[in-house]
Amino acid sequence: PYSDHITRDGSILRTFDSSTVNEELVWHRDANNRNIKVMEGEGWKLQFDNALPKQMKVNENYFIPANTYHRVIKGSSNLILEVKEKV
């Protein structure tokens, strides 16, 4: 449900289109710790397992620990994240 572009510094610019179908945004977990920064996006939320969804804000950073179930919840515009993995 997203496209990736790898930057010169090795981070990932990940874009979720506003036309993404909700069912494509599934619960998942990642093998490595991740720091994400919201570059663009209105109304998108980040939800961790056993927690309420939290509104994501432009220019805010969020930490996603390795092997932690989480998902994004669709907003009203495209969502662009800068993703930095920490092995």
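Provided above is the structure to which this section pertains.
Residues numbered from 1 in each chain as written. Predicted model: local features only at pLDDT ≥ 70, side-chain atom pairs only at ≥ 80, totals over all residues. Heavy atoms only, no water.

(A) How the structure looks around the pairing of strand S2 (residues 12–16). Of the two faces of S2, the one lined by Ile12, Arg14 and Phe16 is fully buried and the one lined by Leu13 and Thr15 carries no buried residue. Looking at chain direction, strand S1 (residues 2–6) and S2 are connected through five bridges and run antiparallel. Each bridged residue has a counterpart across the sheet, and for Asp4 the counterpart in S2 is Arg14. What sits between S1 and S2 in their antiparallel hairpin is a turn of five residues, with Gly10 showing a positive phi close to 90°. (Buried < 20%, exposed > 50% of the residue type's maximum accessible area, 1.4 Å probe, protein only. Helix = DSSP H or I, 4+ residues; strand = E, 2+ residues; numbered from the N terminus. Pairing = 2+ DSSP bridges.)

(B) Representation of the sheet that holds strand S8 (residues 79–86) in the model. Spatial ordering of the open sheet is given by S1-S2-S8-S3-S6, a layout of five strands whose pairing is antiparallel. Every interior strand has two partners, whereas the edge strands, S1 and strand S6 (61–64), have only one. Going across the sheet, the axis of each strand differs from the next one's by a mean of 25°, ignoring polarity. Of the strand pairs in this sheet, S2 and S8 are connected by five bridges, and their pairing is antiparallel. When the bridges of S8 are listed, Thr15 appears paired with Ile80. (Axes fitted to C-alpha atoms, helices over the stretch in contact; angles between N-to-C directions.)

(C) A look at the nonpolar core. Among the nonpolar cores identified, the biggest contains 14 residues, and Phe16, Ile36, Trp44, Met56, Val72, Leu79 and Leu81 are the most heavily contacted of them. Every element with two or more residues in this core is listed here: S2, strand S3 (33–40), S6 and S8. At three residues, S8 tops the list of elements feeding residues into this core. Once residues within four sequence positions are removed from consideration, Met56 is found in contact with Ile36, Val38, Trp44, Lys45, Leu46, Tyr62, Val72 and Leu79. (Core = buried A, V, L, I, M, F, W, Y, C linked by side-chain atoms within 4.5 Å. Contact = heavy atoms within 4.5 Å.)

(D) Geometry of the environment of Arg71. Mapping Arg71 onto the fold places it in strand S7 (residues 70–73). Along the backbone, Arg71 and Leu25 are 46 residues apart, and their C-alpha atoms lie at a distance of 6.6 Å. At 2.8 Å, the side chain of Arg71 and the side chain of Gln47 are in polar contact. (Polar contact = N/O pair within 3.5 Å; in protein donor to acceptor, adjacent residues only side chain to side chain.)

(E) Geometry of the pattern of salt bridges. Under the criterion given, the structure shown has three salt bridges. Here Arg14 makes a salt bridge to Asp4, at a shortest N to O gap of 2.7 Å. With Arg14 in strand S2 and Asp4 in strand S1, this pair connects stretches of sequence that are ten residues apart. Classification of Arg14 by relative accessible area gives buried; the value is 9%. A salt bridge links Glu85 to Arg34; the shortest N-O distance between them is 2.6 Å. Linking Glu85 in strand S8 with Arg34 in strand S3, this pair joins segments that are 51 residues apart in sequence. Taking the relative accessible area as the measure of exposure, Glu85 reaches 38% and is therefore partly exposed. Overall, the relative accessible area of 11% leaves Arg34 in the buried class. (Salt bridge = Lys/Arg side-chain N within 4 Å of Asp/Glu carboxyl O.)

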